[in-house]
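# Examining the three-dimensional arrangement
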Amino acid sequence: MPRMDARDEKRLPVTLSGVRAGEGPAVEAVIAGCGLHHADITANILRNTIVARKGPRVVGTVSIEVAGSSGLLRSLAVVEKFRCQGVATQLVAAAEKSARQMRIRTLYLLTLTAEPFFSARGFEKVDRSSAPAEIRDTAEFRSLCPDSAVCMKKSIV
Ligand SMILES: CC(C)(COP(=O)(O)OP(=O)(O)OC[C@H]1O[C@@H](n2cnc3c(N)ncnc32)[C@H](O)[C@@H]1OP(=O)(O)O)[C@@H](O)C(=O)NCCC(=O)NCCS
């Protein structure tokens, strides 16, 4: 079979699914490669993770950490070469759908760089201290994301 070059790979359609067996390290590599922390990614979080693929390659990911009736949308990451093709937009839409199925009513997130991206997708900036206790108790809120990160929320009911 002829080798696929980088341009061919970029043109492949995006497919979304859950994390497949043995794919955890690839997911963590994408997250780390995008400069996001991954120290607290557990099997539980991987179960609520959506992966975007081009062919067999993991090119993007997003997770929901369930915290009572709220969810923390975290680790939205798309490999640089595959950005600005709508991959993150599809991942966020899929994460919202999955959160609704889990009866989550409000999504929260912390971001250092992507506030405009999330604003354009219906998230509003809120005071970090206004998040519910279960969200403030996640490792991301407690210790992993700096105080300078912007807190945002979106009602998904
Ligand atoms: C943010 C990120 C996930 C976007 O991925 P993507 O697949 O390129 O996003 P999409 O193609 O769906 O959307 C692109 C749109 O978002 C905008 N955009 C992308 N990154 C942005 C950012 N950091 N700030 C503002 N806008 C951004 C693009 O300009 C484009 O705008 P348009 O729709 O008006 O043309 C990607 O840049 C990334 O992985 N960044 C590093 C990790 C990160 O910061 N994650 C968010 C914290 S949880």
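Residues numbered from 1 in each chain as written. Predicted model: local features only at pLDDT ≥ 70, side-chain atom pairs only at ≥ 80, totals over all residues.

Let's shift gears to the overall build of the protein chain. When helices and strands are tallied, the protein chain shows seven helices and seven strands. Starting at the N terminus and ending at the C terminus, the protein chain contains elements arranged as α-β-α-α-β-β-β-α-β-α-β-α-α-β. Its C-alpha radius of gyration of 15 Å places the protein chain within 12% of the 15 Å reference for a compact globule of 157 residues. Each of the three principal axes of the protein chain carries a C-alpha extent, and together these read 55 × 30 × 30 Å. (Helix = DSSP H or I, 4+ residues; strand = E, 2+ residues; numbered from the N terminus. Rg over C-alpha atoms; globule rule 2.2 N^0.38 Å.)

Below, the discussion takes up the site of the ligand. Near the ligand you find 18 residues, and of these R83, A88, T89, P116 and F117 are the closest. Of all elements in the fold, only strand 4 (70-78), helix 4 (87-101), strand 5 (106-111) and helix 5 (115-119) reach the threshold of two or more residues within the shell around the ligand. Here the shell around the ligand is built from residues that sort into 12 nonpolar, five polar and one charged. (Near = placed C-beta within 6 Å. Nonpolar A, V, L, I, M, F, W, Y, C, P; charged D, E, K, R; others polar.)

What follows deals with the nonpolar core. The biggest cluster of nonpolar side chains holds 37 residues, and the ones touching the most others in it are L73, L91, A95 and L109. The set of elements that each furnish at least two residues to this core consists of helix 2 (24-33), strand 2 (49-54), strand 3 (57-67), strand 4, helix 4, strand 5 and strand 7 (150-155). Discounting chain neighbours no more than four positions away, the residues touching L109 are L72, L73, R74, F118, F123 and M152. (Core = buried A, V, L, I, M, F, W, Y, C linked by C-beta atoms within 7 Å. Buried ≥ 20, exposed ≤ 12 C-beta atoms within 10 Å, placed from the backbone. Contact = placed C-beta atoms within 7 Å.)

This next bit is on helix 2. Taken as a whole, helix 2 has its buried residues at V27, V30 and I31. Projected down its long axis, helix 2 carries its buried residues within an arc of 95°, all on one side. Exposed residues lying more than 90 degrees from the buried face of helix 2 are P25 and G33. On its buried side, helix 2 packs onto helix 3 (43-47), strand 2, strand 3 and strand 4. Positive phi shows up at G35, right after helix 2, with a value of about 80°. (Arc of directions from axis to C-beta.)

What follows concerns helix 4. Look at helix 4: 21 Å from first C-alpha to last across 15 residues, which is about the 21 Å you get at 1.5 Å a residue. Along helix 4, the residues classified as buried are V87, A88, L91, V92, A95, E96 and A99. Looking straight down helix 4, one finds that the buried residues subtend no more than 170° of arc, so they occupy a single side. Structural note: helix 4 exposes K97 and Q101 on the side pointing more than 90 degrees away from its buried face. A positive phi of about 65° marks R103, the residue just after helix 4. (Expected span 1.5 Å × (residues − 1).)

This part takes up the sheet that holds strand 7. With mixed pairing, the seven strands of this open sheet are ordered in space as 1-2-3-4-5-7-6. Each of the sheet's edge strands pairs with one partner strand only, and the pair in question is strand 1 (14-18) and strand 6 (124-126). Each adjacent strand pair in this sheet contributes to an overall mean axis angle of 30°, direction not counted. Alignment of strand 6 against strand 7, held across three bridges, turns out to be antiparallel. (Pairing = 2+ DSSP bridges. Axes fitted to C-alpha atoms, helices over the stretch in contact; angles between N-to-C directions.)

These results come straight from atomic positions and should not be treated as a statement about function.
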